[in-house]
Amino acid sequence: MTLPSPVTGGCQCGAVRFAAPALGRASICHCRMCQKAFGGYFGPLVAAPGLVWTRGAPAEFRSSNKVRRGFCAACGTPLTYRADDAQTVDVALGALDHPEAVPPTVQIAVESRVSFFAALAGLPEERTGADPRDAPFQDGLVSYQHPDHDTATWPEPRSPADEI
């Protein structure tokens, strides 16, 4: 897949959207700070020179004396990594509208990689809906996630309690 120009993306609820004319090196970082910031085994990031916020702006958390991490204050989606001395901001690969088009090219901080990381690709696989016991949950499931493209308006996020 070829990336559109500009490259766009945003958070899960749509309160924060961004665009960049191009992307740099895509990586996955195994450092403990990235693990905690993303709530996963690694932090998937890509340099985004010329990044602009097209809707809203991220809140920031200073995760160290040299780094700030941006996230959506409304839904919590991790969005950016910015070193104080960097010329550019990195954005979360999963926040891109087309993450499949930007494969990581390097793993960094591998000394902190979880010991079973290499075995993850060998785990048994299961498609959504393959287990009939999941049907009651899947039936009637309505996603409130913002679509993977820019929209003219941003509706307020809805919670399941709004539907009751």
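Definitions and limits used
Residues numbered from 1 in each chain as written. Predicted model: local features only at pLDDT ≥ 70, side-chain atom pairs only at ≥ 80, totals over all residues. Heavy atoms only, no water. Helix = DSSP H or I, 4+ residues; strand = E, 2+ residues; numbered from the N terminus. Buried < 20%, exposed > 50% of the residue type's maximum accessible area, 1.4 Å probe, protein only. Contact = heavy atoms within 4.5 Å. Areas by Shrake-Rupley, 256 points an atom, 1.4 Å probe, with all protein chains shown as cover. Lys, Arg positive; Asp, Glu negative; His and termini not counted. Charge placed at Lys NZ, Arg CZ, Asp CG, Glu CD. Polar contact = N/O pair within 3.5 Å; in protein donor to acceptor, adjacent residues only side chain to side chain. Salt bridge = Lys/Arg side-chain N within 4 Å of Asp/Glu carboxyl O. Phe/Tyr/Trp six-rings, centres within 6.5 Å; stacked < 30°, edge-to-face > 60°.

Engineer: What should I look at first to understand the overall build of the protein chain in this one?
Structural biologist: Looking only at helices and strands, the protein chain features two helices and ten strands. Listed N to C, the secondary structure of the protein chain is β-β-β-α-β-β-β-β-β-β-β-α in terms of helices and strands. The principal-axis extents of the C-alpha atoms in the protein chain amount to approximately 50 × 40 × 35 Å. Evaluated residue by residue, the protein chain yields a buried proportion of 32% over its 164 residues. Restricting to contacts in the protein chain with at least 6 residues of sequence separation, those with at least 24 account for 60%. In the form shown here, the protein chain has an accessible surface area of approximately 10300 Å², with 55% of it arising from carbon and sulfur atoms. The average position of the 14 basic charges and that of the 17 acidic charges among the side chains of the protein chain differ by 9 Å.

Engineer: What is the right way to look at the environment of Arg69 in this model?
Structural biologist: Here Arg69 is to be found in strand β7 (residues 67–71). On the basis of relative accessibility, which here comes to 7%, the residue Arg69 falls in the buried class. Counting along the chain gives ten residues from Arg69 to Leu79, while the straight-line C-alpha distance between them is 7.5 Å. Non-local contacts of Arg69, meaning those with residues more than four positions away in its chain, are made with Cys31, Met33, Cys34, Ala37, Phe38, Ala59, Glu60, Phe61, Ser63, Thr80 and Tyr81. A polar side-chain atom of Arg69 sits 2.9 Å from a polar atom in the side chain of Ser63.

Engineer: Explanation requested: the pattern of salt bridges in the structure shown.
Structural biologist: Where side chains of opposite charge bring their charged atoms close, a pairing between them can arise. One pass over the structure, following the stated rule, counts six salt bridges. With a shortest N-O distance of 2.7 Å, Arg17 and Asp97 are connected by a salt bridge. Placement of the pair is Arg17 in strand β2 (residues 17–20) and Asp97 in the loop between β9 (90–92) and β10 (106–108), with a sequence separation of 80 residues. The class of Arg17 is buried, set by a relative accessible area of 2%. Notably, a salt bridge pairs Glu60 with Arg82, separated by 2.9 Å at the nearest N-O pair. Here the residue Glu60 occupies a position in strand β6 (residues 59–62), and Arg82 occupies one in strand β8 (residues 78–83), the gap between them amounting to 22 residues. Looking at Glu60, the relative accessible area reads 38%, which means it is partly exposed.

Engineer: Quick question: what am I supposed to make of the pairing of strand β4 (residues 43–47) here?
Structural biologist: Each regular strand carries side chains that alternate between the two faces of the sheet. Counting buried residues along β4, five of its five residues qualify, which places the element largely inside the surrounding structure. Of the two faces of β4, the one holding Gly43, Leu45 and Ala47 and the one holding Pro44 and Val46 are both buried throughout.

Engineer: Just checking my understanding: could you explain the packing of aromatic side chains for this structure?
Structural biologist: Working definition: an aromatic ring pair is given by the centre-to-centre distance plus the angle between the planes. Summed over all chains, the structure comprises three aromatic pairs. On the basis of an interplanar angle of 85 degrees and a centroid distance of 5.9 Å, the ring pair of Phe18 and Trp53 is categorised as edge-to-face. Highlighted residues: Phe18 in strand β2 and Trp53 in strand β5 (residues 52–55), separated in sequence by 35 residues. Centre to centre, the rings of Phe42 and Phe117 are 5.6 Å apart; their planes meet at 90 degrees, and the pair counts as edge-to-face. Pair noted here: Phe42 is in the loop between α1 (32–38) and β4 and Phe117 is in the loop between β10 and α2 (135–138), with a separation of 75 residues, a long-range link. According to the relative accessible area criterion, Phe117 is buried, its value standing at 18%.

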